[in-house]
Amino acid sequence: MSKKKKPGNASNTIALNKKAKHEYHIEERFEAGLALLGWEVKSLRAGKGQLTDAYVLLKDGEAWLLGAHITPLNTASTHVIADPTRTRKLLLHAKEIARILGQVNQTGHTCIPLALYWKNNRVKCEIALVKGKKLFDKRATEKERDWNRQKQRIMRDAGAS
């Protein structure tokens, strides 16, 4: 028997936090499950999730995702009052939470979500332990990116002629 793929969204990625790579040095990544309601899963299947300005709060030995926006569909959630920015629980092992908590208590570290994606019909959230970038770090990153782009252009032009 062959599995039939549903047409439409071929990518497993639901939402990316593009600002994170610009604002922070990413030091360590973790994969966390997400406790969701039915209408949220339906909305995420339609690609209605955003991670802009979202962050992870560690409280009482649990991790929570705050500020993530999941826009409710018009057809779903007729009997439930949908709160698009509600606090959602992140599902992590106790060892992972302890490790993140230990690093966050150090100066300059914080924990943010990087991406929402599908893995075996479950929504996963990639969270990262990060350290804030200084302004000169951001400039250096941008300068390096521009130089790499320019190098690619030169190599392409040299190869074409």
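Residues numbered from 1 in each chain as written. Predicted model: local features only at pLDDT ≥ 70, side-chain atom pairs only at ≥ 80, totals over all residues. Heavy atoms only, no water.

**Student:** Explain the overall build of the protein chain residue by residue, including any values.
**Tutor:** A count of helical and extended segments in the protein chain gives four helices and nine strands. For the protein chain, the α and β elements follow one another from N to C terminus as β-α-β-α-β-β-β-β-β-α-β-β-α. Classification of the 161 residues of the protein chain by burial places 30% in the buried group. A separation threshold of at least 6 residues defines the contact pool for the protein chain, and within that pool the share at least 24 residues apart is 68%. Summed over all atoms, the accessible surface of the protein chain reaches about 11300 Å², with 51% contributed by carbon and sulfur. (Helix = DSSP H or I, 4+ residues; strand = E, 2+ residues; numbered from the N terminus. Buried < 20%, exposed > 50% of the residue type's maximum accessible area, 1.4 Å probe, protein only. Contact = heavy atoms within 4.5 Å. Areas by Shrake-Rupley, 256 points an atom, 1.4 Å probe, with all protein chains shown as cover.)

**Student:** Residues and numbers for the pairing of strand 2 (residues 24-34), please.
**Tutor:** Bridging between strand 2 and strand 9 (residues 122-132) involves nine bridges; their strand directions are antiparallel. Looking at strand 9, one finds that R29 is bridged to A128. Across two bridges, strand 2 lies against strand 7 (residues 88-91) in antiparallel orientation. Looking at the pairing, L34 lines up with L90 of strand 7. (Pairing = 2+ DSSP bridges.)

**Student:** Any chance you could break down the sheet that holds strand 8 (residues 109-119) for me, citing the residues and the numbers?
**Tutor:** Here seven strands make up an open sheet; going across it, the order is 1-8-9-2-7-5-4 and the pairing antiparallel. If you trace the sheet from one side to the other, it starts and ends with strand 1 (13-16) and strand 4 (55-59), each paired once. Within the sheet, the average angular offset between the axes of one strand and its neighbour, ignoring direction, is 40 degrees. Helix 2 (residues 38-45) rests against strand 1, strand 7, strand 8 and strand 9 of the sheet, and its axis sits at about 75 degrees to strand 8. Lying on the sheet, helix 3 (residues 94-104) is in contact with strand 2, strand 4, strand 5 (62-66), strand 8 and strand 9; it crosses strand 8 at an angle near 145 degrees. (Axes fitted to C-alpha atoms, helices over the stretch in contact; angles between N-to-C directions.)

**Student:** Help me get a handle on the side chain of H109, residues and values and all.
**Tutor:** Position of H109 among the secondary structure elements: in strand 8. Exposure remark for H109: the relative accessible area of 11% places this residue in the buried category.

**Student:** Talk me through the nonpolar core; I want residue IDs and the actual numbers.
**Tutor:** Judged by nonpolar contacts, the single largest core of 26 residues is most densely connected at L90, L92, I100, L116 and I127. Among the secondary structure elements, those contributing two or more residues to this core are strand 1, strand 2, helix 2, strand 4, strand 5, helix 3, strand 8 and strand 9. Broken down by element, this core gets its largest block of residues, four residues, from strand 9. Within the second largest apolar cluster, five residues are counted, among which are I112, L114, A128 and V130. (Core = buried A, V, L, I, M, F, W, Y, C linked by side-chain atoms within 4.5 Å.)

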